[in-house]
Amino acid sequence: MSWPRILEVEVFCAELPYKEAFTIALGTSVKSWNIVVRVVTEDGAEGWGEGSPSLIVLGETRGMATACARSLAERLVEAEELSLEHLYEMCASAASPSAAAAVEEAVLDAWARGAGLSMAKLLGGPYRRSIETDVTIGIMKPEEQAARAVKYVEEGFRILKLKLGTDPEEDVERVRAVRDAVGEGIRIRVDANQGWSVEEAIRVIDRIACYEVEYVEQPVRWDDLEGLARVRRESPIPIAVDETVKRAEDVFRVAGREAADIVNIKVMKSGGLLGALRVAHASEAAGLSNMIGCMGEGRLGITGAVCLAASARNIVYYDLDSDILLAEDYATGGSRVEGGQRYLPEGPGLGVDVDRAKLRRLAVIKSA
Ligand SMILES: [Mg+2]
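Conventions and cut-offs
- Residue positions are given per chain, counted from 1 along the sequence in the order it is written.
- Selection of residues for local features in this predicted model requires a pLDDT of at least 70, selection of side-chain atom pairs for listing and counting requires 80 or more, and totals for whole chains, interfaces and linings are taken over all residues.
- As a convention, hydrogens and water are excluded, and side-chain values are obtained from all of the structure's heavy atoms.
- Any two strands are treated as partners once DSSP identifies two or more bridges connecting them.
- Helical segments are the DSSP runs of H or I of at least four residues, strand segments are the runs of E of at least two, and each set is numbered from the N terminus.
- Between two residues, a contact is recorded if the distance between any of their heavy atoms is within 4.5 Å.
- Angles shown run from 0 to 180 degrees and are taken between the N-to-C directions of axes, each axis being a line fitted to C-alpha atoms and, for helices, limited to the stretch in contact.
- Segmentation into domains, and thus their bounds, comes from an automatic or database assignment.
- Here the quantity called buried area is the accessible surface, traced with a 1.4 Å probe, that two parts lose on coming together, added over both.
- Here, a salt bridge means any side-chain nitrogen of Lys or Arg that lies within 4 Å of a carboxyl oxygen of Asp or Glu.
- Residues adjacent in sequence count toward polar contacts only when both atoms are side-chain atoms; beyond that, a polar contact is any pair of N or O atoms within 3.5 Å, and within protein one must be able to donate a hydrogen and the other to accept it.
- Whether a set of points on the 1 Å grid over the protein atoms alone is a cavity depends on a 1.4 Å probe fitting there but being unable to get out, while an open set qualifies as a pocket with protein on both sides within 12 Å along at least five of seven lines; lining residues are those with an atom within 4 Å of a point.
- Grid points are joined across faces, edges and corners, and a volume is the space filled by probe spheres set on the points.
- Under the scheme applied here, ten amino acids are nonpolar (Ala, Val, Leu, Ile, Met, Phe, Trp, Tyr, Cys and Pro), four are charged (Asp, Glu, Lys and Arg), and all others, including Gly, are polar.
- For Na, K and Ca the donor cutoff is 3.2 Å, while for all other metals N, O and S atoms must lie within 2.8 Å; water is not among the atoms, so some sites may look incomplete.
- For each residue, the accessible area found with a 1.4 Å probe, counting protein chains only, is set against the maximum for its type, and the residue is called buried under 20%, exposed over 50%, and partly exposed in between.

Asker: Sorry, what's going on with the sheet that holds strand S14 (residues 337-338) here?
Answerer: One open sheet holds the three strands; their spatial order is S4-S15-S14, and the pairing between them is antiparallel. Taken across any chain shown, the strands that pair with only one partner, and hence form the sheet edges, are strand S4 (130-132) and S14. Looking at chain direction, S14 and strand S15 (residues 341-343) are connected through two bridges and run antiparallel. Bridge pairing links Glu338 to Gln341 in S15. Here helix H12 (residues 299-309) sits on the sheet in contact with S4, S14 and S15, set at roughly 90° to S15.

Asker: I keep staring at the domain arrangement of the protein chain and nothing clicks. Help me out?
Answerer: For an interface, size is often stated in terms of accessible area lost upon the parts coming together. Each domain of the protein chain was delimited in the assignment, giving domain 1 (6-117 + 355-367) and domain 2 (122-354). Taking only C-alpha atoms into account, the centre of domain 1 sits 22 Å from that of domain 2. With 46 residues of domain 1 in contact, the opposing surface of domain 2 contributes 48 residues. Between domain 1 and domain 2 the total buried area reaches about 4,000 Å² when both faces are included, carbon and sulfur atoms providing 63% of it. Put simply, domain 1 and domain 2 have three salt bridges between them. Glu85 is the salt-bridge partner of Arg278, the closest N and O atoms lying 3.1 Å from each other. Between domain 1 and domain 2 we count 23 residue pairs in polar contact (both at pLDDT 80 or more) in total. Broken down by secondary-structure element, the contributors of at least two residues to the side of domain 1 that touches domain 2 are strand S1 (6-24), strand S2 (27-41), strand S3 (46-51), helix H1 (55-58), helix H3 (84-92), helix H4 (97-115) and helix H13 (356-362). Considering every element that reaches the side of domain 1 that touches domain 2, the biggest residue donor is H4, with 10 residues.

Asker: What's the story with the layout of surface pockets in this structure? I'm lost.
Answerer: If you roll a probe as big as a water molecule over the atoms, it shows you where there is empty space left. Roughly 710 Å³ of volume is contained in the largest pocket. Lining the largest pocket are 30 residues, and of these Tyr18, Ile24, Ser29, Ser54 and Met295 lie nearest its centre. The class makeup of the residues in the lining of the largest pocket is 12 nonpolar, 10 polar and eight charged. Looking at the lining of the largest pocket, you find at least three residues from each of domain 1 (6-117 + 355-367) and domain 2 (122-354). In this model, the second largest pocket occupies a volume close to 260 Å³. Lining of the second largest pocket is provided by 17 residues; of these, Lys19, Glu20, Arg148, Tyr152 and Leu325 occupy positions nearest its centre. Mapped onto the lining of the second largest pocket, the elements with two or more residues apiece are S1, strand S5 (135-137) and helix H6 (142-154). Looking at the lining of the second largest pocket element by element, the count peaks at six residues for S1. Partitioning the lining of the second largest pocket into residue classes produces nine nonpolar, three polar and five charged. When residues of the lining of the second largest pocket are assigned to domains, at least three map to each of domain 1 (6-117 + 355-367) and domain 2 (122-354).

Asker: Just to check I follow, could you spell out the sheet that holds strand S12 (residues 315-318) for this structure?
Answerer: The strands that make up a sheet are held in pairs by hydrogen bonds between backbone atoms, and each pair lies either parallel or antiparallel. Strand order in the open sheet made by the eight strands is S5-S6-S7-S8-S9-S10-S11-S12, with parallel pairing throughout. Every other strand in the sheet has two partners, leaving S5 and S12 as the edge strands with one partner each. Pairs of neighbouring strands in the sheet enclose a mean axial angle of 30°, with direction left out of account. Pairing of strand S10 (residues 262-265) with strand S11 (residues 289-292) involves four bridges; the strand directions are parallel.

Asker: Looking at this structure, how should I read the coordination of the magnesium ion?
Answerer: Around the magnesium ion, the protein contributes the donor atoms Asp191 (OD), Glu217 (OE) and Asp242 (OD), at 2.1 to 2.3 Å from the metal centre. Sequence positions of the donors to the magnesium ion reduce to the motif D-x25-E-x24-D. Within this pair, whereas Asp191 is found in strand S7 (residues 187-191), its partner Asp242 is found in the loop between strand S9 (239-241) and helix H10 (248-257), the two being separated by 51 residues in sequence. With a relative accessible area of 1%, Asp191 lands in the buried category.

Here you go:
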């Protein structure tokens, strides 16, 4: 028995504003713009998927991502036979991995719904029922980061991710201020988004080690494996790579150079959930643990990532908070969040409801 054919595909490009401007070492954004895909199978099952393209990390522009989603849509409708493996093959070679992720998620959602399966089950899980995500605090003055940290802790978050990487002195001050403000018992991890030189990274890490930092993400340039390996050798804190690893094959370059302890999986970097699962398997085989992060996905895309996070044993750190930072969303339902706890969706597929009127209002490009 093969999976149902795809009869209909719709592609939207929509903008979702953040609650406030979000700054990292690579720049500031006030909104995310996402690719949204709706598919219908020959059995009448509907599925939705979302991708959040990145110009800086993945070289994706709005026009290119939209064109890529449309071209994948055509190939899907023409495909006589499709399986998870065919779908992976199609999405893995796409020019825009985020557009491919949107298309793939929509197909998987439709297939899961049609078969009465949860998305976690379709992905081989669930291995765990819930996950605890961090909440990310963008770059601001140390005292502002500390105040924001206190507010999030009051809301129930127990893991904080601090964005660093602009000024080494101030970065040390940021970590000190936040640790002083929240006290013990709250986990703190930091992400420099490539903002430090190797020497700066070694110095900053040495000085923040006393504040119980769980791990340091992407301290130096994504392509400086030798530099990463040097930082890791000197660092008393585990090192995570994000921009350095996009797909499964990148894991082995990192492992071969002993350049990191943790690999940050993102569904957007790996062209979908199936590619992301392969990164988890490659990391496990190479002896590295995984965290899972996000770009600017709303509830729709994040729910897919939560289902994956709950299904792969090797994914043990969770940074799935982008929907929490948005002011508006066309999607509801899916993965519930309470404090930092995120739960698997109820029912078949992703369990997400998309408000079509709202999607049309937020859409900047729409193709039938
Ligand atoms: Mg990162």
